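# Fold and contact review
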Amino acid sequence: MWVVKLGGSLAQSRCLPAWLDVLATRGASNVVIVPGGGPFAGQVRTAQAHWRFSDTAAHCMAVLAMEQYGIMLLAMCPQLTAAGTPAQLGRLTEGDGACVWMPTRMVLSDQSLSASWAVTSDSLAAWLARRLHAEHLVLVKSVQPPAGRPVSCAELQRRGMVDRAFHTHIDEAAFSSWWCGPDDARRVALALTGAMEPGVRVVGDGMPGPTAESPVPECHG
């Protein structure tokens, strides 16, 4: 199984329809799409900065923002289906096709997840990959990765491209983690058939704990 996090930064990208087509047609019965928060979660950050409400409330709102993006993806690609419970996700193995994860019920019922901006859709995608015993986690970002060498969580964190908790969800994980750029849809289509690797490998070894100086990525993006 593949868990593919479509970054909210792609919400207005010309590449988004191609990604949805690949994941819906090449990844049927094998792909769970995790929506980022994108402009919907950006509004949560703006509102919190203005009204100073709690991170707990902002976390709940940002997870709902992921669902808003997910609803948009479903509207753009009717071949996809929504899945918001373990039972619905489990039907993937029964041939029901690729799906878009609606995270609210599962995420807000798990008290082990930090209700803060340290946990965004990147960490939630990795958390889901663990729960589903996935083989691959793919992070589709708006920035094209450098060719060749693997990249560490530490480097991605320094660049503000993953949240501060991400390494805790991929360290010693059974799945492989990958970074893809907006132009990599065709490459991932081949990877889903086993023809090649989907992107640049993300490794978790050596990742330091979060610090006050660590940049915060776009909220649930």
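Preceding this paragraph is the structure being described.
This section reports on the structure supplied with the text. Note that the coordinates shown come from a computational prediction; the quantities given were computed from them, not determined experimentally. The residue count restarts for each chain, going from 1 along the sequence in the order it is written. With the structure being a predicted model, the display of local features is reserved for residues of pLDDT at least 70 and the display and counting of side-chain atom pairs for 80 or more, all residues being used for whole-chain, interface and lining totals. Note that the side-chain values use all heavy atoms of the structure and ignore hydrogens as well as water.

### Some details on helix 1 (residues 16–25)
The line we're drawing: We call a residue buried when its accessible area falls under 20% of the maximum for its residue type, exposed when it is over 50%, and partly exposed in between, using a 1.4 Å probe and counting protein chains only. A run of H or I in DSSP becomes a helix once it reaches four residues, and a run of E becomes a strand once it reaches two; helices and strands are each numbered from the N terminus. The criterion used for residue contact is that any of the two residues' heavy atoms lie within 4.5 Å.
Where helix 1 is concerned, the buried positions are Leu16, Trp19, Leu20, Val22, Leu23 and Ala24. Among the structural elements, strand 1 (2–6), strand 2 (31–35), helix 3 (55–76), strand 5 (136–140), strand 7 (176–180) and helix 9 (185–191) are those in contact with the buried residues of helix 1.

### What about the environment of Arg131?
Inspection of the secondary structure puts Arg131 in helix 6 (residues 121–131). In this structure Arg131 comes out as partly exposed when scored by relative accessible area, which is 43%. The sequence separation of Arg131 and Val107 amounts to 24 residues, and the corresponding C-alpha distance is 12 Å.

### Things to note about the packing of helix 2 (residues 38–51) against helix 3
Applicable threshold: Think of each axis as a best-fit line through the C-alpha atoms, taken over the contacting stretch in the case of a helix, with angles from 0 to 180 degrees between the N-to-C directions. Each angle is binned into one of four classes, with values under 35 degrees roughly parallel, values over 145 roughly antiparallel, values of 65 to 115 roughly perpendicular, and all other values oblique. The hand of a helix crossing depends on one turn: near helix anticlockwise from the far one by less than a right angle means left-handed, and clockwise means right-handed.
Where helix 2 meets helix 3, the axes come as close as 7 Å, and the angle between the chain directions of the two elements is 155 degrees. In terms of orientation, helix 2 and helix 3 fall into the roughly antiparallel class. Along this stretch, helix 2 crosses helix 3, giving a crossing that reads as right-handed. Here Phe40, Ala41, Val44 and Gln48 of helix 2 lie close against helix 3, whose contacting residues are Asp55, Ala58, Met61, Ala62, Ala65, Gln68, Tyr69 and Met72.

### Remarks on the pattern of salt bridges
Test applied: Salt bridges are counted wherever a side-chain nitrogen of Lys or Arg sits within 4 Å of a carboxyl oxygen of Asp or Glu.
In this structure the tally under the stated criterion is 4 salt bridges. The closest approach of N and O atoms between Arg14 and Asp183, which form a salt bridge, is 3.7 Å. With Arg14 in the loop between strand 1 and helix 1 and Asp183 in the loop between strand 7 and helix 9, the pair connects residues that are 169 residues apart, well separated along the chain. Asp183 matches Arg14 in its accessibility class, with the two residues each being exposed. The partner of Arg149 in a salt bridge is Glu155, and the shortest N-O contact between them spans 3.1 Å. By relative accessible area, which is 45% here, Arg149 ends up partly exposed. Overlapping salt bridges, with partners in common, bring together Lys5, Asp122 and Lys141 in one network.

### Let's talk about the pairing of strand 8 (residues 200–203)
Put simply, the test is: The criterion for strand pairing is that DSSP finds at least two bridges linking the strands in question.
Here strand 8 shows a buried face lined by Val200 and Val202 and an unburied face lined by Arg201 and Val203. In terms of strand pairing, strand 6 (residues 151–152) meets strand 8 through 2 bridges, oriented parallel. The residue of strand 8 that forms the bridge with Val151 is Val202. With 3 bridges joining them, strand 7 and strand 8 adopt antiparallel strand pairing. Across the sheet, residue Trp178 finds its bridge partner in strand 8, namely Arg201.

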